[in-house]
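Below, each chain spelled out in residue letters.
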Amino acid sequence: MDNIKHIIESSRVPIIFHNMLDDWELFKWNLDKWNNIFKHQLLDCRKGRITCTKEPLWESKCLHESHSFSEVINMSKDIEKSGNWLYFDYKHIGETVDENIFKSISWKKFGYENLGPKDSTLWIGSIGAHTPCHQDLYGINLVAQVHGKKRWILMPPEMGKYLKPSRVPYEESSCYSKINFSCPDNVKDIDDACRCAVVVLSPGDVLFVPHKWWHYVENLTTAISINTWIQTPKHDNVARLNESVVRFMASSICSGVSKNIQSRLLNPNEIFSPSMIAESIQFIDQSIKMIKNEENTADLKEPDSTSLMKYQYKTYEPEECLSKVELDTKYHRHNHTSSSLKSDLNTDISHRLLDSLCNENVINQIVSNLIKID
């Protein structure tokens, strides 16, 4: 399986592999089986409305509710009536669900024989469930579609200049776009130079997402997927130094504002504590040492075009014009609402200050100086 691992880690564009999940027992489950698996467990879900607003529906603006698996399914059936969606998302297997139930999960076919259930994350959502457009700043991503259909809009890192990148709300290793992709009108305003690849994952598909590619993901049906993030030391050592500097900036600003403003600057999974500043300085020091000590590695060669012949796959170049992509659904058309975000002067200044200090060019210059000085 070294060939396929080499292909994944050297590819500069997304790849979809087909028919790679036959040895996953859970891939054969129907919704009744899934419902039976979770019949004694309530799922901690993010709940949102399908609306058209200028700003994305940030996690802090979503409700968090406990629901049964069957309620998630029924939410898709009643979507025209309720206008809501539910997402049991970003749940690490073994922490929130029983690892033994998912023991058949293996990424060995892709060359990662040591990655299994503990290294995987479960996503269960109704129609319309989504995460705001963002890029992951660490590693690469493999996503297995187990049930239903999910649409991915993928853009290479250099397209970020068209996407209004922001580090607010701050979350380690994630940079968000200020553009709300769930409202088609917003996407039509993006510069025509912004290019993307659009893919719809069906059961059995496995998507490879390259390092730092922007993506917006939305369930087109009730959907279940499982992913694993794979470390890439060549990229991640520098990324961790960058993120340590960003964390220092975020924690420094949060130390001087109220808890109310902190909650607006930070994603809900980030909780400010006075120790964050000292911890960030430690992380910066450790990251610099890791970069200094890492061995020089040669760039991966382009894969032989014949080496994937035994696999069913397709690569996706960013050839589509993002502003021309048809994103409209009958659920979005009549749900235009104004933004619910109330801003005050202090929040606005803190927001702009954090975004300015964490601008990619600023962070890159600081990191460059740190490495030279050290």
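My aim in this report is to walk through the structure given alongside it, one point at a time. Please read all numbers here as calculations on a predicted model, not as lab measurements. (Residues numbered from 1 in each chain as written. Predicted model: local features only at pLDDT ≥ 70, side-chain atom pairs only at ≥ 80, totals over all residues. Heavy atoms only, no water.)

### Looking at the packing of aromatic side chains
Keep this limit in mind: Only Phe, Tyr and Trp rings are paired, with Trp represented by its six-membered ring, and only when their centres lie within 6.5 Å; those with planes under 30 degrees apart are stacked, over 60 edge-to-face, the remainder tilted. Counting from the N terminus, the helices are DSSP H or I runs at least four residues long and the strands are E runs at least two residues long. Only protein chains enter the accessibility calculation, which uses a 1.4 Å probe; a residue is then buried when its area is under 20% of its type maximum, exposed when over 50%, and partly exposed in between.
Applying the stated rule across the entire model yields 13 aromatic pairs. Seen from their ring centres, Trp34 and Phe102 are 5.9 Å apart, and the 35° between their planes marks the pair as tilted. Note that Trp34 is positioned in helix H2 (residues 31-37) and Phe102 in the loop between strand S4 (84-92) and strand S5 (121-125), a separation of 68 residues in sequence. Look at Trp107 and Phe110: their rings are 6.1 Å apart centre to centre, the planes differ by 50°, and that puts the pair in the tilted class. As far as the burial class goes, Trp107 and Phe110 line up, both buried. Among the aromatic residues, those joined into a ring-pair cluster are Trp29, Trp34, Phe38, Phe69 and Phe102.

### What about the sheet that holds S4?
For the record, the criterion: For two strands to be treated as a pair, DSSP must find no fewer than two bridges joining them. What counts as an axis is a line fitted to C-alpha atoms, over the stretch in contact for a helix, and the angles between N-to-C directions run from 0 to 180 degrees.
Strand order in this open sheet of 9 strands is S3-S2-S4-S5-S14-S7-S12-S1-S15, and the pairing throughout is antiparallel. The open sheet has two edge strands, strand S3 (63-67) and strand S15 (312-315), and neither has a second partner. In this sheet, adjacent strand axes meet at a mean angle of 25° when their direction is disregarded. Sheet analysis places strand S1 (residues 15-18) next to S15, joined by 4 bridges and oriented antiparallel. Residue pairing for S15: Phe17 is matched across the bridge by Tyr313.

### Examining the nonpolar core
We count it as follows: We call a set of buried Ala, Val, Leu, Ile, Met, Phe, Trp, Tyr and Cys residues a nonpolar core when their side-chain atoms join them within 4.5 Å. Any pair of residues with heavy atoms lying within 4.5 Å of one another is described as a contacting pair.
Among the nonpolar cores identified, the biggest contains 39 residues, and Trp34, Phe102, Trp107, Phe110 and Leu122 are the most heavily contacted of them. Apart from the residues within four sequence positions on either side, Leu122 is in contact with Trp34, Phe38, Phe88, Asp89, Tyr90, Lys91, Ile93, Val97, Phe102, Ile224, Ser225 and Ile226. One finds Val246, Ala250, Phe272 and Ile363 within the second-largest nonpolar core, a separate group that totals 21 residues.

### Some thoughts on the environment of Asp22
Residue position: Asp22 is located in the loop between S1 and H2. Taking the C-alpha atoms as reference points, Asp22 and Gly204, separated by 182 residues in sequence, lie 7.9 Å from one another. Contact partners of Asp22, with chain neighbours within four places excluded, come to Phe27, Lys28 and Lys109.

### Description of the pattern of salt bridges
Definition in use: Here, a salt bridge means any Lys or Arg side-chain nitrogen found within 4 Å of an Asp or Glu carboxyl oxygen.
In the structure shown here, the tally under the stated rule is 14 salt bridges. Of the charged contacts in the structure, one is a salt bridge between Glu360 and Lys212, with a shortest N-O distance of 3.5 Å. With a gap of 148 residues between them, Glu360 in helix H10 (residues 360-373) and Lys212 in the loop between strand S12 (206-209) and strand S13 (214-219) connect regions that are remote in the sequence. Classification of Glu360 by relative accessible area gives partly exposed; the value is 48%. Linking Arg240 and Asp236 is a salt bridge whose minimum nitrogen-to-oxygen distance equals 4.0 Å. Highlighted residues: Arg240 and Asp236, both in helix H6 (residues 233-254), separated by 4 residues, approximately one helical turn. Among the residues examined, Arg240 registers a relative accessible area of 28% and is labelled partly exposed. According to the relative accessible area criterion, Asp236 is buried, its value standing at 2%. A single network of salt bridges, built from pairs that share partners, joins Arg46, Asp89 and Lys91.

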